[in-house]
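Okay, here's what each chain looks like letter by letter:
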Amino acid sequence: MAVYTEVPAEALEAFLSRYETGALVSAKGIAEGVSNSNFLIETETARYILTLYERRIDLDDLPWFIALMEHLADAGQPVPHPIRDRSGAAIQQLVGKTACLIQYLPGVSVSVPTAAQARAAGAALANLHLAGASYTAERPNALGLAHWQASAAELGAGLDSIEPGLAATVARHLDALAARWPADLPRGTIHADLFPDNVLMLGETVTGLIDFYFACTDLYAYDLAVLHAAWAFPRDGRAPLMAHARALFEGYESVRPLSDAERAAFPLLGQGAALRFLLTRAQDWLAPPSDALVQRKDPLPFARRLAHYASLA
């Protein structure tokens with residue numbers, strides 16, 4: 001989450017008048033993440049999250065995201081319901097941006113998860129995959145292999161300004177992934193971005209899965225690889241946390257056992273997950289918005305993850 005666009009109180013009050021939320025009490029920008037502007041809204045009746053869509057999101061996909069969140073929430077998953085206004089609309093306009101008000105869920109995003117919390121996240125992801133299997137509308141992964149190739153070409157030698165030789169490293173791994181990326185593994189609706197800051201927890205219990213705006217139809221095991229890359233390493237991406245890695249696999253397979261083919265493909269899928277976040281972080285590192293209340297994220301920890309997964313292949 002982040003803040004790229006400020007919202008005057010008067011505009012926010014007029015926006016909320018469309019809903020049965022009661023009057024505005026407070027609003028606070030959430031300065032985390034890199035993709036949208038987000039605010040914690042408190043009214044006379046409840047708390048909500050307000051999202052203004054900024055980057056990396058095709059607005060034509062928003063109805064798909066909203067319907068997915070409603071589907072998962074209705075299936076009993078800890079996913080926030082989008083809030084519809086008196087006319088039944090969930091997608092709105094606010095200060096010239098497309099916006100959505102969603103349910104606030106309790107819990108905190110842990111910055112340094114324990115192995116037990118990683119296990120809970122693994123089980124939550126598997127439950128999400130099972131619940132999403134009945135969501136039959138499909139959406140291609142816009143941040144898949146074709147996007148990695150295009151991003152690497154766009155960044156070019158700029159990658160070497162982050163670390164000498166990084167452009168060649170990326171190119172080498174892209175060639176390997178293009179030649180070997182699996183196409184016949186189980187697939188369905190995935191989250192594709194289930195980092196600790198997108199999981200709300202109370203103790204070792206998952207209370208919320210949030211930020212579905214990279215969700216798509218892709219390989220379940222790739223989604224698990226994203227989870228592994230996010231939860232099974234320290235922040236600097238150096239030596240993997242083996243207890244966390246074992247725990248998240250145990251949690252996932254307690255709900256949805258992996259096939260032998262998924263297990264065999266995991267090192268390659270891990271390389272793809274690491275490369276995906278290396279490239280998007282490199283884009284933000286080299287060209288951050290100048291007026292955003294957002295912290296840039298170093299791409300190099302994902303270069304280290306990439307090297308780890310490649311060593312397993």
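Residues numbered from 1 in each chain as written. Predicted model: local features only at pLDDT ≥ 70, side-chain atom pairs only at ≥ 80, totals over all residues. Heavy atoms only, no water.

Asks: Explanation requested: the side chain of R139 in the structure shown.
Replies: Turning to its location among the elements, R139 is positioned in the loop between α3 (115–132) and α4 (145–155). A polar contact of 2.9 Å, which involves the side chain of R139, links it to the side chain of D61. Looking at R139, its side chain comes within polar contact range of the main-chain oxygen of A215, at 2.7 Å. Those residues in contact with R139, other than ones at most four positions away along the chain, are D61, W64, F65, F214, A215, C216 and T217. (Helix = DSSP H or I, 4+ residues; strand = E, 2+ residues; numbered from the N terminus. Polar contact = N/O pair within 3.5 Å; in protein donor to acceptor, adjacent residues only side chain to side chain. Contact = heavy atoms within 4.5 Å.)

Asks: Sorry, what's going on with the layout of surface pockets here?
Replies: In this approach a probe as big as a water molecule rolls over the atoms, and the regions it shows empty are the leftover space. Within this model, the second largest pocket holds a volume of roughly 180 Å³. Taken together, H228, P240, M242, A245, R246, F249, R263, F266, P267, H308, Y309 and L312 form the lining of the second largest pocket. Broken down by element, the lining of the second largest pocket gets its largest block of residues, four residues, from helix α8 (residues 242–253). Tallied by class, the residues present in the lining of the second largest pocket amount to eight nonpolar, two polar and two charged. (1 Å grid on protein atoms, 1.4 Å probe; cavity = no way out; pocket = protein on both sides within 12 Å on 5 of 7 lines; lining within 4 Å. Points joined across faces, edges and corners; volume = space filled by probe spheres on them. Nonpolar A, V, L, I, M, F, W, Y, C, P; charged D, E, K, R; others polar.)

Asks: Where do I start with the sheet that holds strand β3 (residues 47–52) in this structure?
Replies: Within a sheet, adjacent strands bond to each other through the backbone by hydrogen bonds, running parallel or antiparallel. Reading across the sheet, the five strands line up as β1-β2-β3-β5-β4 and stay open at both edges, with antiparallel pairing between neighbours. Two strands close off the open sheet at either side, each with one partner strand: β1 (24–29) and β4 (92–94). For this sheet the average axis-to-axis angle between neighbouring strands, irrespective of direction, equals 35 degrees. With three bridges joining them, β4 and strand β5 (residues 97–103) adopt antiparallel strand pairing. Bridge assignment links Q93 to a residue of β5, and that residue is T98. Sheet contacts for helix α1 (residues 9–16): β1, β2 (37–43), β3, β4 and β5; angle to β1, the most-contacted strand, approximately 120 degrees. (Pairing = 2+ DSSP bridges. Axes fitted to C-alpha atoms, helices over the stretch in contact; angles between N-to-C directions.)

Asks: Could you clarify how one ought to interpret the environment of S151 in this entry?
Replies: By the secondary structure assignment, S151 is in helix α4. Discounting residues that sit within four places of it in the chain, S151 has contacts with L279 and Q283.

Asks: Would you take a moment to explain the packing of α4 against helix α6 (residues 166–180) for this structure?
Replies: Any two packed helices are characterised by the angle at which their axes cross and by the distance between the axes. The contact between α4 and α6 brings their axes to 11 Å, and the two run at 155 degrees. Regarding the angle of α4 to α6, the classification is roughly antiparallel. Read as a crossing pair, α4 and α6 show a hand that is left-handed. Counted together, L145, W148, Q149 and A152 of α4 and V170, L174, L177 and A178 of α6 form the full contact between these two elements. By residue class, the composition of the contact of α4 with α6 is seven nonpolar, one polar and no charged. (Parallel < 35°, antiparallel > 145°, perpendicular 65-115°, else oblique. Left-handed = near helix turned anticlockwise from the far one by under 90°.)

Asks: What should I look at first to understand the pattern of salt bridges in this one?
Replies: When charged atoms on two side chains of opposite charge get close, those side chains can pair. If you walk through the whole model with that rule in mind, you get eight salt bridges. Close ionic contact of K297 with D197 constitutes a salt bridge, the shortest N to O distance being 3.6 Å. On the criterion of sequence distance, the pair formed by K297 in the loop between α9 (260–286) and α10 (300–312) and D197 in the loop between β6 (187–190) and β7 (199–202) is long-range, its members being 100 residues apart. A residue is classified by how much of its surface remains accessible, and K297, at 27% relative accessible area, is partly exposed. Notably, a salt bridge pairs R256 with E262, separated by 2.9 Å at the nearest N-O pair. Judged by relative accessible area, R256 falls into the buried class, the value being 11%. (Salt bridge = Lys/Arg side-chain N within 4 Å of Asp/Glu carboxyl O. Buried < 20%, exposed > 50% of the residue type's maximum accessible area, 1.4 Å probe, protein only.)

Asks: Quick question: what am I supposed to make of the nonpolar core here?
Replies: Within soluble globular proteins, side chains that are nonpolar generally end up buried alongside one another. In this structure, V170, L209, F212, L224 and W231 are the most contacted members of the largest nonpolar core, which totals 84 residues. Broken down by element, this core gets its largest block of residues, 11 residues, from α9. When residues no more than four places from it in sequence are discounted, the contact partners of V170 are A152, L159, L275, L278 and L279. By size, the runner-up hydrophobic cluster in this structure holds 14 residues, among which are F15, F39, I83 and L94. (Core = buried A, V, L, I, M, F, W, Y, C linked by side-chain atoms within 4.5 Å.)

Asks: Explain the pairing of β2 to me, please; I cannot follow it from the model alone.
Replies: The two faces of the sheet receive side chains in turn, since in a regular strand these alternate between them. Where burial is concerned, most of β2 is hidden: five out of the seven residues are buried. Relative to β3, β2 runs antiparallel, the two sharing six bridges. Looking at the pairing, I41 lines up with Y48 of β3.

On their own, these measurements won't tell you what the molecule is for.
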